[in-house]
Amino acid sequence: MANENHGSSREDTALMSHSPGTSHQNQPSSPKPARLVQDLPDELVQAGWEKCWSKRESRPYYFNRFTNQSLWEMPLLGQHDVISDPLGLNAAPAPAEMGVGDAAVEAKSRKRRLSEEVQPSGNSVKKPKIDMPAAQPTPNSSHTPGTPLLKMWGLSPEDKQQAALLRPTEVYWDLDIQTNAVIKQRPSSKVLPPHPEVELLRFQLMLKLRQHYRELCQQREGIDPPRESFNRWMLERKVVDKGTDPLLPSDCDPVVSPSMFREIMNDIPIRLSRIKFREEAKKLLFKYAEASKRLIESRSASADSRKVVKWNVEDTFSWLRRDHLASKEDYMDRLEHLRKQCGPHVSAAAKDSVEGICSKIYHISLEYVKRIREKHLALLKEHGLSAEAEAPPEAQERLVYCFPVRLAIPSPPLPNVEIHVENNVACVRYKGEMVKVSRNYFSKLWLLYRYSCIDDPSFERFLPRVWCLLRRYQVGWGCQSGLELPQKC
């Protein structure tokens, strides 16, 4: 619009005006718009605005002689001067027609429409046909992560500790990304829904099972259980387990765990440790010889095995009494020789006992799984639910985008679970049993729950399910105190 009055030579000549006392000679001509009767407010006049006439459009417009800005409408009194206030810090805010959230949503939808309108190139690779599963949830982006927390947990903003959960965390989890992983369609799972009462029972029985394992190792073999061997046993068993419990093994083949059997046998007759000094090597050699003799005498071994072990042990004792100037390397060489001579006979004598330990732990676990399932079924029956759910329809042989596991059995009403914050740590408590997790990871769990759980639209079961999840991790790794995940990612 400014170009129409200042770009044409004819109009510039017609609209040209001269100030008093200005000569036509030796002065360059500067075009100016034709002025009209000025009826503008004093504030606009002082800001450089004047009312002019456009011959091409046959209508008045407004021109600023300081900034060369042209407007069809009368400038607002609160409009800022781009020279004295380029950022508009002193200007009055203009009325917004839409909020920030609406503008962001509109911009996001505009980008999505533009990306959908882009046509694929001619050399694009043909992709297989992929169907979207009907049960896959659509992320609810209309709610911010902090907004529904007050409604679903019944929290009041006045409570400072619980309101601290709604503050932004140090880590931002961007989970609003659609998956590109493709899988074959799968039916709903028949796993029983989680419940805090069931997790309490599982926690108690798991602690008892660990205690049984320790007592069996001490009573039968005279050793402490190998460090972390129980955790490795659970991991190994769950690889081949076909049972119904998510943690304890109940349907494994073979019954005797190769991992647990191997680790116990490595510590028989005693656990060997790293040696740094000469006196430690001498003491270790003596203990190994003494433990080998005691084990072979207390087990049903063949006469040849007893003879070989006793002869090598007596020879080691006589060498220890005779050689007082031996070095650390001498003692370690003697220990290695004794292990080669007595190790196979000692292992053969202890094999049946160690297999009995592995078998007994497995059968105790099987019995505990039955008790846990009975407790779970009783809770479902109290609320009129049955574990014998209808058989899910056969999954069709088609490719779908990856989606979370769906439970075929509905969840019963869950009890109330408390939560509070201590030093940026979320503490979730049920019946005095508390588990802890960093707020960073707590916010991640909340976002994952929003995007994955379609059976809880009001988010009333979030806290009980989080407590069950953290308690299950806690008992799985043998932590008897509150579980506290790292504070930094």
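As the structure is a prediction and not an experimental result, all values here were calculated from the model.

Rules used throughout
Residues numbered from 1 in each chain as written. Predicted model: local features only at pLDDT ≥ 70, side-chain atom pairs only at ≥ 80, totals over all residues. Heavy atoms only, no water. Helix = DSSP H or I, 4+ residues; strand = E, 2+ residues; numbered from the N terminus. Buried < 20%, exposed > 50% of the residue type's maximum accessible area, 1.4 Å probe, protein only. Contact = heavy atoms within 4.5 Å. Areas by Shrake-Rupley, 256 points an atom, 1.4 Å probe, with all protein chains shown as cover. Pairing = 2+ DSSP bridges. Axes fitted to C-alpha atoms, helices over the stretch in contact; angles between N-to-C directions. Parallel < 35°, antiparallel > 145°, perpendicular 65-115°, else oblique. Nonpolar A, V, L, I, M, F, W, Y, C, P; charged D, E, K, R; others polar.

Asks: Help me get a handle on the overall build of the protein chain, residues and values and all.
Replies: Along the backbone of the protein chain there are 14 helices and 8 strands. Counting only residues that meet the buried cut, the protein chain has 34% of its 489 residues in that class. Counted over contacts in the protein chain with a minimum sequence separation of 6, partners at least 24 positions apart contribute 64%. A total of about 30800 Å² of accessible surface is found on the protein chain, and carbon and sulfur atoms cover 52% of it.

Asks: I'd like a description of the sheet that holds strand β3 (residues 69–71), backed by residues and values.
Replies: With antiparallel pairing, 3 strands are arranged side by side in an open sheet as β1-β2-β3. Of all strands in the sheet, those bounded by a partner on one side alone are β1 (49–54) and β3. Each adjacent strand pair in this sheet contributes to an overall mean axis angle of 35°, direction not counted. As paired elements, β1 and strand β2 (residues 59–64) share 6 bridges and run antiparallel to each other. Looking at β2, one finds that Trp53 is bridged to Pro60.

Asks: Mind laying out the packing of helix α8 (residues 229–240) against helix α9 (residues 258–266), listing which residues take part and the relevant values?
Replies: Axis separation between α8 and α9 bottoms out at 8 Å; the angle between their running directions is 155°. In terms of orientation, α8 lies roughly antiparallel with respect to α9. Facing α8, whose interface residues are Ser229, Arg232, Trp233, Glu236 and Arg237, α9 presents Pro258, Ser259, Met260 and Glu263. The class makeup of the residues in the contact of α8 with α9 is 3 nonpolar, 2 polar and 4 charged.

Asks: Outline the sheet that holds strand β8 (residues 433–438), listing residues and values.
Replies: Strand order in this open sheet of 3 strands is β6-β7-β8, and the pairing throughout is antiparallel. Either end of the sheet is taken by a strand with one partner, and the two such strands are β6 (418–422) and β8. In this sheet, neighbouring strand axes are inclined to one another by 25° on average, regardless of whether the strands run parallel or antiparallel. As judged from the 5 bridges shared by β6 and strand β7 (residues 425–430), these two strands associate in the antiparallel manner. Looking at the pairing, Glu418 lines up with Arg429 of β7. Of the strands in this sheet, β6, β7 and β8 touch helix α13 (residues 439–452), which is tilted by about 95° from β8.

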